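Observations on chain architecture
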Protein chains: 2
Amino acid sequence: MHLLVIGGAGMIGRKFAESLAANPVLGQNTVTRLTLADVVPPQEPAGFHGDVTCLTADLSEGQAAEKLLSSRPDIVYHLAAIVSGEAEADFEKGYRINLDGTRNLFEAIRAANTEEGWCPRVVYASSNAVYGGDFPDVIPDDYILTPQTSYGTQKAIGELLLADYSRRGIFQGIGLRLPTICVRPGKPNRAASGFFSGIIREPLVGLDALLPVADTVRHWMTSPRSAIQFLRHAATLDLALVGDRPNLTMPALSVTVGEQIEALRKVAGDWAVAHIRRDPDPTIARIVDGWARAFEARRALSLGFTTETRFEDIIRAHIEDELDGRIA
Amino acid sequence: MHLLVIGGAGMIGRKFAESLAANPVLGQNTVTRLTLADVVPPQEPAGFHGDVTCLTADLSEGQAAEKLLSSRPDIVYHLAAIVSGEAEADFEKGYRINLDGTRNLFEAIRAANTEEGWCPRVVYASSNAVYGGDFPDVIPDDYILTPQTSYGTQKAIGELLLADYSRRGIFQGIGLRLPTICVRPGKPNRAASGFFSGIIREPLVGLDALLPVADTVRHWMTSPRSAIQFLRHAATLDLALVGDRPNLTMPALSVTVGEQIEALRKVAGDWAVAHIRRDPDPTIARIVDGWARAFEARRALSLGFTTETRFEDIIRAHIEDELDGRIA
């Protein structure tokens, strides 16, 4: 089976490629060919036994989509996007990459579908940012999408296009509304959500981390490991079960910052918690206040998507996957 | 006040212009200038006391949107669309007119907003076709939009764009999800929903009408008169009350075909009902079965949008407005 991963240089794309190298079997199929594409050169995953091609491409440009698809992969993973903060700061870039880029990709598939009947599976990374405004504490699957950012708007439009192209038989789409990923590896970044990872990641290596919000703040998060499992599961899931609503809210764990901290204490000890420095930031607090705190995610759970149910397990997954099992 | 009505040659656009001719006062303002635009030449409404300009333009073409907006109207009514059946039959035309055309319009406003701070009100005609798939008998305002047609998809995308551009202060948007309009004047057309009007309109002038579905079929409809009132009310409504969800399901009447027929009997008599010929059509029955039957429309009602509450009143409005008060 041949997989094309657009956005292959991003954190999720890279981890997904590594996961396929470690275990290329998806359901009844084996991934024998992997094409990674991104606006910056993706890295070939170590240990993959099949063919790997790494390409640099920007979906918003000319015939980029047509070229990427010329090898007619069996599954197209569309993980590429301008992230939330940048799409908000740069209106034109956000719409160009997140909306036009997605539409270019879908249109290129439509052209090939019309010409030769090619009908790949398309796995689309959406986001909980499609939700906004007033919502209940626990958002059900049939709740309206009223994003309050341009990024969320662009993702919601992508979901609508995915559903319409799928309904018309142009491709077989499935959209995954990804939760916040925690613990996000790497250096601290300036994303408003960064502290959810920072207060775990930094203390575990003996560094201080700033906590800009109250301990009572609740958020919806899952591990990188679970996110990769979502992508793997989406490869082989029977789409007949998904029906006419192919965009699914992924399961995750609804947890408060206080619960995160207590889990850190349990897994690593008081010394780690002592590295968390409370530094209230009203701007971040206000942004985070607009985010969803929990979802039912019933459809995804019934379709076999799974997540951690205790935050300790999210911390332990991070220690195993990123720290070789060792903490400072 | 200067109003631009894009889609001014359509049934609703024409009736809106006639309504403004009859009464140019909208809230505290008087409409002194009216620009009507459509892909076919719109007709100047009789009796309008201000300036009327009629333009032929296709929003999906070149600089059409910029030209239409060059007179900087105070309110832009965007009523133009490829209808449901055609958007389903012609994928490219539907996306070109309904999505690209809408986006061209919004982008042209954005350019003028950036340059000179112009920030008109934009009234966008959406449709209940944004709903699809499983839904409850009575759909609440916060129910998810999962359209099952390309037309519904395009309208839902337009809603998302309207909300994002409004949130960013590019224009002041309000979207109206219009119900089925009944009694639709004119000749029978081939729309799957045509019979809801046909079984009233044709008998009242002594003609036979075909009824392709069972008497138990329930649907959501309002009069042309109410639809025009929605457009008038949207001109002056305080948008601060609409908040961060500017797309509203308009109120209407949830009525069964059987109730329509009994109302016709009450208003016109048995002779009129005798003109309804039952002619079951499984294809139409199946299409209609996928349509929403009722909405709560609480937000629109609380914002002062109103509709008929008895189907007799819808029939009487038709007799007054279209038949000069006389029936066959």
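Before any of the text, the structure's been laid out above.
A brief look at the structure comes next. These figures come from a predicted structure and were not determined experimentally.

With that settled, consider unusual backbone geometry. The amide bond that connects A:C182 to the next residue, A:V183, takes the cis arrangement and shows omega of 5 degrees. By secondary structure assignment, the location of A:V183 is in the loop between β9 (180-181) and α6 (194-204). Even without being a glycine, B:D324 presents a positive backbone phi close to 50 degrees. In this structure, B:D324 sits in the segment after α12 (311-322). Classification of B:D324 as exposed rests on a relative accessible area of 58%.

On to the relation of the copies chain B and chain A. Of the transformation superimposing chain B on chain A, the axial component is 0.0 Å and the angular component is 180 degrees, with the fit at an RMSD of 0.0 Å. Here the two chains are linked by the operation of a two-fold rotation axis. Taking the C-alpha atom as reference, chain B places B:I144 closest to the rotation axis, 1.9 Å from it. In this assembly the copies share their binding face: 100% of the residues contributing to the interface of chain B also contribute to that of chain A.

Residue and element names in this part refer to chain A. Burial of strand β8 (residues 172-178) is extensive: 6 of the 7 residues sit out of reach of the surface. In this sheet, β8 lies alongside strand β7 (residues 121-127) in parallel orientation, the contact comprising 7 bridges. By the bridge assignment for β8, S126 is matched with R177. In the classification by handedness, the crossover that spans β7, the intervening helix α5 (residues 150-167) and the parallel β8 is right-handed. Bridge count for β8 against strand β12 (residues 247-249) is 3 bridges, and the pairing is parallel. What sits directly across from G175, in β12, is N247.

In this complex, chain B contributes 36 residues to the contact, which on the side of chain A involves 36 residues. Per-residue buried area on chain B facing chain A is highest for B:F91, B:L160 and B:R245; these three make up 21% of the total on that side. For the interface between chain B and chain A, the tally reads 8 salt bridges. A salt bridge links A:E88 to B:R167, with the shortest nitrogen-to-oxygen separation between them at 2.9 Å. Among the elements of the structure, α3 (84-89), α4 (91-116) and α5 (150-167) of chain B are those that each provide at least two residues to the side of chain B that touches chain A. The element best represented in the side of chain B that touches chain A is α5(B), accounting for 9 residues. Grouping the amino acids of the side of chain B that touches chain A by side-chain chemistry returns 14 nonpolar, 7 polar and 15 charged.

Residues and elements named next belong to chain B. Strand order across the open sheet formed by 7 strands is β5-β4-β1-β6-β7-β8-β12, with parallel pairing between neighbours. The strands lining the two open edges of the sheet, one partner per strand, are β5 (51-56) and β12 (247-249). Averaged over all neighbouring strand pairs, the angle between strand axes comes to 15 degrees, with direction disregarded. Pairing of strand β4 (residues 33-38) with β5 involves 6 bridges; the strand directions are parallel. Note on β5: the bridge partner recorded for L34 is V52. In the packing of helix α1 (residues 11-22) onto the sheet, the strands contacted are β1 (2-6), β4 and β6 (75-78), and the crossing angle to β1 comes to about 160 degrees.

Rules used in this analysis
- Residues numbered from 1 in each chain as written.
- Chains lettered and ligands numbered in written order.
- Predicted model: local features only at pLDDT ≥ 70, side-chain atom pairs only at ≥ 80, totals over all residues.
- Heavy atoms only, no water.
- Helix = DSSP H or I, 4+ residues; strand = E, 2+ residues; numbered from the N terminus.
- Buried < 20%, exposed > 50% of the residue type's maximum accessible area, 1.4 Å probe, protein only.
- Least-squares fit on C-alpha atoms with pLDDT ≥ 70 in both.
- Contact = heavy atoms within 4.5 Å.
- Pairing = 2+ DSSP bridges.
- Right-handed = clockwise from strand over helix to strand, strands pointing away.
- Buried area = accessible area lost by both parts, 1.4 Å probe.
- Salt bridge = Lys/Arg side-chain N within 4 Å of Asp/Glu carboxyl O.
- Nonpolar A, V, L, I, M, F, W, Y, C, P; charged D, E, K, R; others polar.
- Axes fitted to C-alpha atoms, helices over the stretch in contact; angles between N-to-C directions.

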